[in-house]
Every structure is written in structure tokens, then in C-alpha cells.
Amino acid sequence: MKPVSFDYCAPQTLDEALDALGKGGPSASILAGGQSLMPMLNMRVARPALLVDINRIGSLARLAPAPDCLSVGALVRHADLLANAEIRRGWPLLAEATSMIGHPAIRNRGTVCGSVAHADPAAEHPGVLLAMDATVVIASASRRRELPAREFFVAMLTTALERGEMIVELRYPRLPAGTGTGYVEVARRHGAFAIAGVAAALTMRDGVCQSARISVVGVNDTAFRAEAAEAALRAKNLGAAEGARAFAAAAREVAAVVNPIDDVHASSSYRRHLAGVLTQRALEKALARAGGN
Amino acid sequence: MAKEQRIKLSVNGRTYEKNVSVRQSLADFIREELNLTGTHLGCEHGVCGACTVLLNGRSARSCLTLAVQADGAEIVTVEGLGAADGTLHPLQDAFHRNFALQCGYCTPGFLITALELLRQNPNPSEEEVREALSGNLCRCTGYQAIVDAVLSMAGKPLA
Ligand SMILES: Cc1cc2nc3c(=O)[nH]c(=O)nc-3n(C[C@H](O)[C@H](O)[C@H](O)COP(=O)(O)OP(=O)(O)OC[C@H]3O[C@@H](n4cnc5c(N)ncnc54)[C@H](O)[C@@H]3O)c2cc1C
Ligand code: FES
Ligand code: FES
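Residues numbered from 1 in each chain as written. Chains lettered and ligands numbered in written order. Predicted model: local features only at pLDDT ≥ 70, side-chain atom pairs only at ≥ 80, totals over all residues. Heavy atoms only, no water.

1. Observations regarding the domain arrangement of chain B
All names here are of chain B.
So, step 1. Taken domain by domain, chain B comprises domain 1 (4-79) and domain 2 (90-152).
So, step 2. In this structure, domain 1 and domain 2 have C-alpha centres spaced 21 Å apart.
So, step 3. Broken down residue by residue, the surface that domain 1 buries against domain 2 is led by H40, L54 and V78, which jointly contribute 36%.
So, step 4. For the interface between domain 1 and domain 2, the tally reads one salt bridge.
So, step 5. A salt bridge links R58 to E116; the shortest N-O distance between them is 3.3 Å.
So, step 6. At the boundary of domain 1 with domain 2, the tally comes to seven residue pairs in polar contact (both at pLDDT 80 or more).
So, step 7. Elements represented by at least two residues in the side of domain 1 that touches domain 2 include exactly β3 (52-55) and β4 (58-61).
So, step 8. Classifying every residue of the side of domain 1 that touches domain 2 by side-chain character gives eight nonpolar, eight polar and two charged. (Domains from an automatic or database assignment. Buried area = accessible area lost by both parts, 1.4 Å probe. Salt bridge = Lys/Arg side-chain N within 4 Å of Asp/Glu carboxyl O. Polar contact = N/O pair within 3.5 Å; in protein donor to acceptor, adjacent residues only side chain to side chain. Helix = DSSP H or I, 4+ residues; strand = E, 2+ residues; numbered from the N terminus. Nonpolar A, V, L, I, M, F, W, Y, C, P; charged D, E, K, R; others polar.)

2. Considering the interface of chain B and chain A
So, step 1. Counting residues at the interface gives 31 residues for chain B and 32 residues for chain A.
So, step 2. Where chain B abuts chain A, roughly 2,600 Å² becomes buried across the two surfaces, and 51% of that area is made up of carbon and sulfur atoms.
So, step 3. Linking chain B with chain A are four salt bridges.
So, step 4. The partner of D7(A) in a salt bridge is K3(B), and the shortest N-O contact between them spans 3.7 Å.
So, step 5. Counting the contacts that link chain B with chain A gives 16 residue pairs in polar contact (both at pLDDT 80 or more).
So, step 6. If you list the elements that add at least two residues to the side of chain B that touches chain A, you get β3, β4 and α4 (126-132) of chain B. (Contact = heavy atoms within 4.5 Å.)

3. Brief notes about the packing of helix α10 (residues 240-257) of chain A against helix α11 (residues 268-289) of chain A
All names here are of chain A.
So, step 1. In contact at an axis separation of 8 Å, α10 and α11 are set at 145° when each is read in the N-to-C sense. The two elements α10 and α11 cross, and the hand of that crossing is right-handed. Together, F247, A248, A250, A251, V254 and A255 of α10 and R272, A275, G276, T279, Q280, L283, E284 and L287 of α11 make up the contact between the two elements.
So, step 2. Grouping the constituent residues of the contact of α10 with α11 by class yields nine nonpolar, three polar and two charged. (Axes fitted to C-alpha atoms, helices over the stretch in contact; angles between N-to-C directions. Left-handed = near helix turned anticlockwise from the far one by under 90°.)

4. Digging into the site of ligand 1
So, step 1. Ligand 1 sits among 31 residues. The nearest are I30(A), S36(A), L37(A), T111(A) and E124(A).
So, step 2. Of the chains in the model, those with residues near ligand 1 are chains A and B.
So, step 3. One of the backbone nitrogen or oxygen atoms of G33(A) is found 2.8 Å away from an oxygen atom of ligand 1.
So, step 4. Considered on its own, ligand 1 offers 960 Å² of accessible surface; in the complex 92% of this is hidden by protein. (Near = heavy atom within 4 Å. Areas by Shrake-Rupley, 256 points an atom, 1.4 Å probe, with all protein chains shown as cover.)

5. Re unusual backbone geometry
Glycine aside, residues mostly have negative phi angles, and peptide bonds mostly take the trans form.
So, step 1. A positive phi angle, close to 50°, is found at D133(A), a residue other than glycine.
So, step 2. Of note, D133(A) is situated in the loop between α8 (124-131) and β6 (135-139).
So, step 3. Positive phi is not limited to glycine here, since Y143(B) has a value of about 75°.
So, step 4. Residue position: Y143(B) is located in the loop between α4 and α5 (144-151).

6. Some points on the packing of helix α2 (residues 90-97) of chain B against helix α3 (residues 107-120) of chain B
Residue and element names in this part refer to chain B.
So, step 1. Axis separation between α2 and α3 bottoms out at 10 Å; the angle between their running directions is 120°. Taken together, α2 and α3 sit at an angle that is classed as oblique. Remark: the crossing between α2 and α3 carries right-handed chirality. Residues L91, Q92 and F95 of α2 form the contact with α3, whose own contacting residues are T107, F110, L111, A114, L115 and L118. (Parallel < 35°, antiparallel > 145°, perpendicular 65-115°, else oblique.)

Here you go:
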């Protein structure tokens with residue numbers, strides 16, 4: 001349980017880090033919170049030749065809630081989001097999902113951007129990123145680009161990041177007035193990775209659904225938006241009886257598009273069942289929180 | 001970019017300056033270079049919590065932290081809790097009184113984790129205690145006595 005030998009640098013600025021990453025080529029890795037990378041190093045599943053530790057780059061710790069958008073820099077830890085009252089109020093979906101990640105010591109160190117870059121299919125952050133149509137800001141030594149969340153996750157543990165690139169920031173838009181959100185998951189115990197989880201947001205006006213966003217984690221090889229289920233809710237009246245029918249229909253749409261794995265934690269059919277049930281529960285939570293709209 | 005680097009850090013209030021291999025974990029550094037063997041290693045991949053220490057006042061897995069990353073940091077391990085004359089810290093005393101340990105392997109990690117909780121939230125509910133301790137595994141006690149010990153500290157001074 002000891003890592004292979006590697007070179008290590010801890011630059012003080014982003015430019016130096018991007019430079020080191022570029023020169024390091026395919027065998028260089030960013031070290032952020034280390035809560036996913038260090039276990040892989042200890043188990044020798046990952047064998048990078050160079051670690052570029054970004055923990056000394058103060059500018060990356062920027063966490064900035066603004067009227068239209070929340071910026072989350074590459075060194076913002078899960079615990080930083082939870083400690084911020086403005087985020088709990090303005091971006092409740094992000095706060096709710098983050099509270100279910102791991103344990104205090106994990107949340108103190110692990111970063112939001114690291115979780116998105118790692119792209120574990122059962123992780124909470126990719127689901128929230130998709131549900132909120134957030135933007136991933138990417139930089140390398142030679143260029144900067146922005147990608148919508150929907151273009152970022154490619155396959156299990158695989159993203160659109162190219163060699164020499166890192167995530168420098170995530171931007172979460174503020175959801176429109178009249179929106180309620182809910183995140184629910186089932187895990188073996190608090191803090192374990194989700195067997196299945198669903199993030200939902202409903203924007204309501206006069207009891208009618210203006211827009212629905214549903215993303216699902218833990219069941220397919222990446223987190224994904226359940227577009228057919230969203231379409232089934234749009235423009236629907238979500239009053240008591242109609243709402244229950246519409247949510248059940250959305251749950252069926254989700255169960256129909258998932259393709260879950262079988263493993264020691266849960267069978268494929270149980271995960272499919274959960275994806276449907278959790279969709280319904282997340283939607284109920286979101287609707288209740290959309291309040292009088 | 002050497003494979004070795006000189007680091008200077010404070011552990012339990014004492015300053016140390018040493019050369020470390022960059023791939024050495026903070027846990028191995030504390031145990032093998034400083035001979036502070038109260039920090040235990042159960043899994044070396046973040047799951048059991050036995051190696052938890054305070055890093056600049058916040059709990060962290062020392063098996064998932066490199067020693068070089070602690071350059072300039074302040075670390076507290078279980079050895080830093082009690083007084084120099086061996087008097088137990090009030091939280092250690094609460095563990096003692098509540099039979100919250102048997103073999104003791106997990107205890108250092110539970111103490112550090114519970115200390116952080118009580119500093120942030122001096123009056124936690126049972127649910128909050130269980131959530132905070134959810135990342136620490138104990139194979140002996142069945143947890144109830146540990147939860148009782150932490151709850152018995154509610155509202156009490158930590159020093
Ligand atoms: C016991 C335990 C329980 C956990 N439970 C959960 C859980 O319930 N839910 C959950 O979602 N996660 C969980 N985690 C993982 C945790 O959330 C990690 O923090 C997260 O997955 C990775 O973030 P990090 O900052 O630690 O990244 P690191 O471990 O430092 O890096 C992970 C990967 O991402 C790359 N990377 C990091 N930052 C960037 C960046 N800015 N740009 C490009 N690449 C980057 C690294 O090179 C590496 O490949 C758990 C971890 C442990 C040890
Ligand atoms: S040894 Fe570090 S968490 Fe188990
Ligand atoms: S007392 Fe033995 S593992 Fe906890």
C-alpha cells in the first residue's frame with residue numbers, strides 16, 4: 001500500500017502549474033484534495049511520473065457567489081460550500097448534495113473540481129453540475145476554453161479534459177425564481193457512494209411546470225440528464241392528483257433509460273427500481289420547495 | 001524536482017525539520033520519522049479513519065496526505081491531546097468512563113474526529129454525532145459507547 005516513486009512539485013501560481021502539467025505530458029497528474037487520487041496511488045492503480053500539487057495556489061481557492069452565478073475555484077473544498085450560508089440559500093441543490101459526500105475529514109480536503117474531474121459515476125457533484133447546466137472552465141498552458149456540463153462527461157472516470165488541461169473553475173448559474181430543488185440518494189450508510197441518486201429542479205408558475213431538470217447518478221457509466229422524463233413534465237399542471245400521475249410517468253421514463261451494473265452493493269434490477277423511486281421523491285421535494293409558485 | 005524535500009512543520013506544538021521522500025505519507029512520517037505511533041493505519045485508502053489527525057485545525061486522513069504537503073503546517077495527533085504529565089484530555093476521559101474502547105486501534109481517529117465535531121458544534125444531537133463519526137470504523141465496540149462518550153461531552157469545556 002505504498003505509491004510508486006514519482007516526482008513532485010507544488011507551484012505557487014496557476015501559470016507554473018499549467019506549465020508543469022504541459023511539460024509532464026501524459027504521465028503528469030494534478031493533486032487536489034487527494035481523496036480519490038491518493039487511494040489510487042497507494043493501491044498503485046495510478047502510477048503518475050509527476051504530481052503537480054495545486055494546494056499552494058491561493059487564487060484557486062476563490063468561492064464567489066454573485067447575483068447570477070456562483071464561481072467555484074479548483075481548490076474549493078466540499079466543506080467550504082457547506083460553511084457558506086449564501087450558497088445554502090442561493091444554490092440549495094449544490095449544498096444538499098454536498099452534505100451527502102463522505103465524512104468530515106473527506107469533505108475538509110476533497111475539492112468540488114476534483115470530484116468533477118474524477119467523474120466517478122456514483123459521485124454527487126457531476127449530477128448537480130448537469131442538473132444546473134453549469135459551465136466547466138478549462139485551462140492549459142496554451143489556451144482556455146469553457147464547456148457546458150453536458151459535454152464534459154464521456155464515460156466512467158473519463159471526461160472531455162485533454163492532455164495538459166485542468167479545470168480551473170466551475171460556474172453554477174442561479175436558477176430562476178419559482179424554482180424548487182431536491183437531491184435524494186440511497187447509500188449503504190451516510191457518506192458512502194450512492195447506489196443511486198437523483199437531482200431534480202422544477203420551475204413553477206401558477207401550478208404549471210415551466211421547466212424540469214432531472215439528473216441521475218450511480219446507475220449508468222456517467223451521470224446523465226433524463227431528458228424524456230423532463231419533457232414529460234413540461235407544461236403540466238402539477239396539482240395533487242395530476243402531479244402524482246406526472247411524477248410516476250417521469251419515474252417510468254427514467255427507469256426505462258437506465259442501464260445499471262450488478263455489483264456487491266446492489267443488483268441491476270434494484271438500481272433500476274431505485275432510479276424510478278428516487279426520481280419521484282426528488283421531484284416531490286423540488287415541488288414542495290418551489291413553494292407558492 | 002527532487003524525490004526528496006526538506007520540510008518544517010509543527011506536531012503537537014513541537015517544531016521538526018527533516019528531509020522526506022516525496023512519496024512518503026504524512027502517516028508514515030509521523031509514525032516512522034517522529035516515532036509518534038498513536039496514529040494508526042487500518043486501510044491506507046481513506047476508509048477506516050484510524051489515521052485521522054488535525055491538519056491546521058481540520059481533520060484529515062494522514063494516509064491520504066503526503067508528508068511534503070504538511071510543510072509549514074500545524075499537526076495535532078492523539079499524543080497532543082493529553083497533558084505532558086499524562087493527565088487525559090476531557091474527551092479521552094469521557095471515552096474511558098463510557099467504555100468507548102476495547103482494543104483501542106480505532107480510538108485515536110475517533111478522538112480527533114470527535115474533537116473537531118465538538119469544537120464546531122459543542123451541543124451535537126445523537127444524529128449529528130453519528131454522522132460525524134460515520135467515516136470511522138470500529139470492529140470492537142458496536143459504536144454505542146463511543147456515541148455515548150461524545151454525547152456526554154455536550155456543553156462541557158474541551159480543555
Ligand atoms: C472514505 C471516502 C468516502 C468518499 N465518499 C464520497 C461520496 O460519498 N461521494 C463523492 O462524490 N465522493 C466521495 N469521495 C471522494 C471525494 O469526494 C473526493 O474529494 C473527490 O472524488 C476528488 O476530489 P479531490 O480534490 O480529492 O481530487 P484528487 O483526489 O486530488 O484528484 C482526483 C482526480 O482528479 C484529478 N483532478 C483533481 N483536480 C483537478 C482539476 N482541478 N482539474 C483536472 N483534474 C483534476 C486528479 O488528477 C485525479 O485524477 C470519498 C472519498 C473517500 C476517501
Ligand atoms: S488508514 Fe487512513 S483512513 Fe484507514
Ligand atoms: S476498539 Fe477495537 S477497533 Fe475500535
